[in-house]
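# Commentary on secondary and tertiary structure
One-letter residues, chain by chain:
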Amino acid sequence: MLTLLRDGSSVADTARMLTMSEKTVRKYRDSNVLPSQIERPQRTYRTRNDPLEQFWPEVQERLENDHRLKPYALLQWLQQKYNSADDDTIVPDSIRRTLERRVQNWKLQNDVNKEVIFPQIHHPGDVVAFDFVDLNCLKVTIAGKQFDHKLFHAVLTYSNWEHVHICHSESFEALATGLQDALHLAGGVPKRVRSDSLSAAVNNLSSDKEFAKQYQNLLSHYGLQGHRINVRKPQENGDVESSNGHIKTAIDQSLRLRGNRDFGDHSQYRDFLLEVVGQRNFKRDVKLLEEVAQFRSLPAQRVATYTTLDRNVKSDCVLRIKRNSYSVSSKYIGLAVEIQIHQDHV
């Protein structure tokens, strides 16, 4: 504008060429300063109605009771509370960004620290990483009794698609069940599988930390290339390590919104976990399709998810299996029996 005026163009011609109003041209010509140099008064009024005005007191009360609640969980809670089947626009998805800013400001004012996240780059169809997550800290109960358990947690590192399987120990049986379930649900086999040096997969007594025979057989059956991280280097398996924290947080958030941590039976709790994971996987479908396009086909059959042992029954009718004792009928004295060790029963 200033260049055109200096070259002799009229105010009207300059305004027309720059699609500006003549008033704006005269304003900056007479002030002789750039727009960025003008000090503007700070706006203290809203330009539109506050979409959170009627909900914020409830949200703030929730945050005061538990500052670890996330904006997405609070939005789901508001939608479940106020949106009906007939009218789903009372709490629309469009307020999420406003809610995130408001919650962020509240946490800044109340000195709530944020979680540190390290981004990583991955390739489709390359790696499935797994780990075991201890969920005892969530204090889940089944029919009023403490439920001590872990999760086998598998993550496709490109799409972040994940699968969980309830188990009670970091056993090969739990590993074999969870990993095979993940591969079959995902719909194919990636190139590699990554884990830490857990004893169910790695023979830690060997000098070169080679894979345990059962685990190697499982990898060979699916044509997977095994990769273990170095001891005491969890950052090398950061994809699933980070996701471990996120899935634990998501479960905890859903339990908080649920209002209690007691379930009638194991199947009810399992369905609850699958619903949480399903919600997390919902927006990963596009990237999952990219992964599936790079997968190899699944084998025709699965590997048995139990371990077999042969034992002779002696006169005391007691079988000692993995530091536990089991009694059998006296009719088996002198006979050899086959023992099948599953992840939760023998």
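Residues numbered from 1 in each chain as written. Predicted model: local features only at pLDDT ≥ 70, side-chain atom pairs only at ≥ 80, totals over all residues. Heavy atoms only, no water.

## Concerning unusual backbone geometry
Just so we agree on the cut-off: Strands are runs of DSSP state E lasting at least two residues, helices are runs of H or I lasting at least four, and both sets are numbered from the N terminus onward. When accessible area is computed with a 1.4 Å probe and restricted to protein chains, residues below 20% of their type maximum are described as buried, those above 50% as exposed, and intermediate ones as partly exposed.
In this structure, T19 takes a positive phi of about 50° despite not being glycine. The topology assignment puts T19 in the loop between α2 (11-17) and α3 (22-31). Here A143, not a glycine, exhibits a phi torsion of approximately 55°, which is positive. Mapped onto the fold, A143 is located in the loop between β2 (141-142) and β3 (145-146). Looking at A143, the relative accessible area reads 56%, which means it is exposed.

## A closer look at the pattern of salt bridges
Stated formally: Salt-bridge detection follows one rule: a side-chain nitrogen of Lys or Arg within 4 Å of a carboxyl oxygen of Asp or Glu.
If you walk through the whole model with that rule in mind, you get 17 salt bridges. Residue E58 pairs with K81 through a salt bridge whose shortest N-O separation is 2.3 Å. Of this pair, E58 sits in helix α4 (residues 56-65) while K81 sits in helix α5 (residues 71-82), placing them 23 residues apart in sequence. Overall, the relative accessible area of 19% leaves E58 in the buried class. A relative accessible area of 45% means that K81 is categorised as partly exposed.

## Describing the sheet that holds β3
Quick note on the threshold: By the convention used here, strands pair only if DSSP detects at least 2 bridges between them.
What the 3 strands build is an open sheet, ordered β3-β2-β8; its pairing is mixed. Either end of the sheet is taken by a strand with one partner, and the two such strands are β3 and β8 (262-263). Taken together, the 2 bridges between β2 and β3 define a ladder with antiparallel strand orientation. Note that in β3 the partner of I142 across the bridge is K145.

## A closer look at the nonpolar core
Quick reminder of the rule: What is meant by a nonpolar core is a set of buried Ala, Val, Leu, Ile, Met, Phe, Trp, Tyr and Cys residues, joined one to another through side-chain atoms within 4.5 Å.
Ranked by size, the top nonpolar core spans 27 residues in total, and within it F130, L175, V193, Y215 and L218 carry the most contacts. Of all the secondary structure elements, the ones that give two or more residues to this core are β1 (127-134), β4 (150-156), α7 (172-186) and α8 (213-222). It is α7 that provides the largest number of residues to this core, a total of 8 residues.

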